[in-house]
Each structure stands twice: as structure tokens, then as C-alpha cells.
Amino acid sequence: EKFTEAVDRKDEIMSKPTLVAQDLELCVGVAGWYWSNRGLNGPADRDDLMRVTKIINGGDNGIAHRRQLLERTKALYGLG
């Protein structure tokens, strides 16, 4: 709901919440908004996967799989 207010489309999105999943601009927008509002840049820049996971999930659910995906992504982009 806070995102819908931030993009000034509350009535439209709240009446059809699936719009966020169907509209690429909204889909990417809500992800960026969430990331920014949770202050995830700092822990991500420090490569602190555990902190990012705890901020998003509240715990370490799925951390092993998430670590595998992160390492795979880093390899694809040539990052250490």
C-alpha cells in the first residue's frame, strides 16, 4: 500500500493488485522501492548476504540456496 501511495496510483493498484505483477514498470518499481526503503544498499555493498536476507525475510530462511544464486550471479558478471 505504501508503494501505491509513493507512485500516486493507490486506487488503481489497490483495486487490482495483480497489476504490479503484470506491469513491468510497476514490477521493477516496487522492487526498487522496497530495496531502497529497507536500506539494503549498505549491506549489499558490503556483500553481507546474511544481513540482506534477515532484513527481507526476518531470518535466514533459504540462505544456502540464496548464497548459491549469489555466487552464480557474481561468476556470470566476473565479480569476486
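Residues numbered from 1 in each chain as written. Predicted model: local features only at pLDDT ≥ 70, side-chain atom pairs only at ≥ 80, totals over all residues. Heavy atoms only, no water.

## Re the layout of surface pockets
Operational definition: Site definitions follow a grid-based scheme: protein atoms alone, a 1 Å grid, a 1.4 Å probe that fits but cannot get out for cavities, and for pockets an open set with protein on both sides within 12 Å along at least five of seven lines, plus lining residues having an atom within 4 Å of a point. Grid points are joined across faces, edges and corners, and a volume is the space filled by probe spheres set on the points. The secondary structure listing takes helices from DSSP runs of H or I that are at least 4 residues long and strands from runs of E that are at least 2 residues long, numbered from the N terminus. Residues are grouped as follows: nonpolar covers Ala, Val, Leu, Ile, Met, Phe, Trp, Tyr, Cys and Pro; charged covers Asp, Glu, Lys and Arg; every other residue, Gly included, is treated as polar.
Within this model, the largest pocket holds a volume of roughly 200 Å³. The wall of the largest pocket is formed by 13 residues, among which Trp35, Ala44, Leu49, Val52 and Leu70 lie closest to the centre. Listing elements by their share of the lining of the largest pocket, those giving two or more residues are α5 (41–45), α6 (49–57) and α7 (63–76). Ranked by the residues each element gives to the lining of the largest pocket, the list is headed by α6, at 5 residues. Classifying every residue of the lining of the largest pocket gives 8 nonpolar, 2 polar and 3 charged.

## A look at a nonpolar patch on the surface
Note the threshold: Residues enter patches when they are more than 30% accessible in relative terms and free of salt bridges; like-charged ones are connected within 9 Å and nonpolar ones (Val, Leu, Ile, Met, Phe, Trp, Tyr) within 5 Å. Here the open area of atoms and residues is found with the Shrake-Rupley method and a 1.4 Å probe, where only the protein chains shown may cover a residue. By salt bridge we mean one thing: a side-chain nitrogen of Lys or Arg within 4 Å of a carboxyl oxygen of Asp or Glu. Whether a residue is buried, partly exposed or exposed follows from its accessible area with a 1.4 Å probe, protein chains only, as a fraction of its type maximum: under 20%, in between, or over 50%, in that order.
Together, Leu76, Tyr77 and Leu79 make up an exposed nonpolar region whose accessible area comes to about 410 Å². Relative to the assigned elements, Leu79 resides in the segment after α7. Using a relative accessible area of 55% as the deciding quantity, one classes Leu79 as exposed.

## Quick word on the nonpolar core
Rules: Residue types Ala, Val, Leu, Ile, Met, Phe, Trp, Tyr and Cys, when buried and joined through side-chain atoms within 4.5 Å, form a set referred to as a nonpolar core. Contacts are assigned to residue pairs that have any heavy atoms within 4.5 Å of one another.
In terms of nonpolar packing, the biggest core is built from 5 residues, these being Phe3, Ile13, Leu19, Val20 and Leu26. Residue contacts for Val20: discarding those within four places in its chain leaves Ile13, Leu26, Cys27 and Val30.

## Things to note about the environment of Leu49
Among the secondary structure elements, Leu49 is positioned in helix α6. Excluding anything up to four places from it in sequence, Leu49 contacts Ile63, Arg66, Arg67 and Leu70.

## Examining the packing of α6 against α7
Selection rule: Between the N-to-C directions of two axes lies an angle of 0 to 180 degrees, each axis being a line fitted to C-alpha atoms and, for a helix, fitted only over the stretch in contact. Here the angle decides the label: under 35 degrees means roughly parallel, over 145 means roughly antiparallel, 65 to 115 means roughly perpendicular, and every other value means oblique. Crossings are sorted by hand: turned counterclockwise from the far helix by less than a right angle, the near helix makes the crossing left-handed, and turned clockwise it makes it right-handed.
Where α6 contacts α7, the axes come no closer than 11 Å and their chain directions differ by 125°. The angle between the axes of α6 and α7 places the two elements in the oblique class. Pair α6 / α7 crosses with right-handed handedness. Contact residues: Leu49, Met50, Thr53 and Asn57 in α6; Ile63, Arg66, Arg67 and Leu70 in α7. Looking at side-chain class alone, the contact of α6 with α7 contains 4 nonpolar, 2 polar and 2 charged residues.

## A short note on the packing of aromatic side chains
Defined as follows: Two rings belonging to Phe, Tyr or Trp (six-membered ring only in the last case) form a pair when the distance between their centres is within 6.5 Å. Interplanar angles under 30 degrees mark stacking, angles over 60 mark edge-to-face geometry, and anything in between is tilted.
One pass over the structure, following the stated rule, counts 1 aromatic pair. Ring geometry for Phe3 against Trp33: centres 6.0 Å apart, planes inclined by 65°, an arrangement best described as edge-to-face. Here the residue Phe3 occupies a position in helix α1 (residues 2–6), and Trp33 occupies one in helix α4 (residues 24–37), the gap between them amounting to 30 residues. On the accessibility criterion, Trp33 (23% relative accessible area) is partly exposed.

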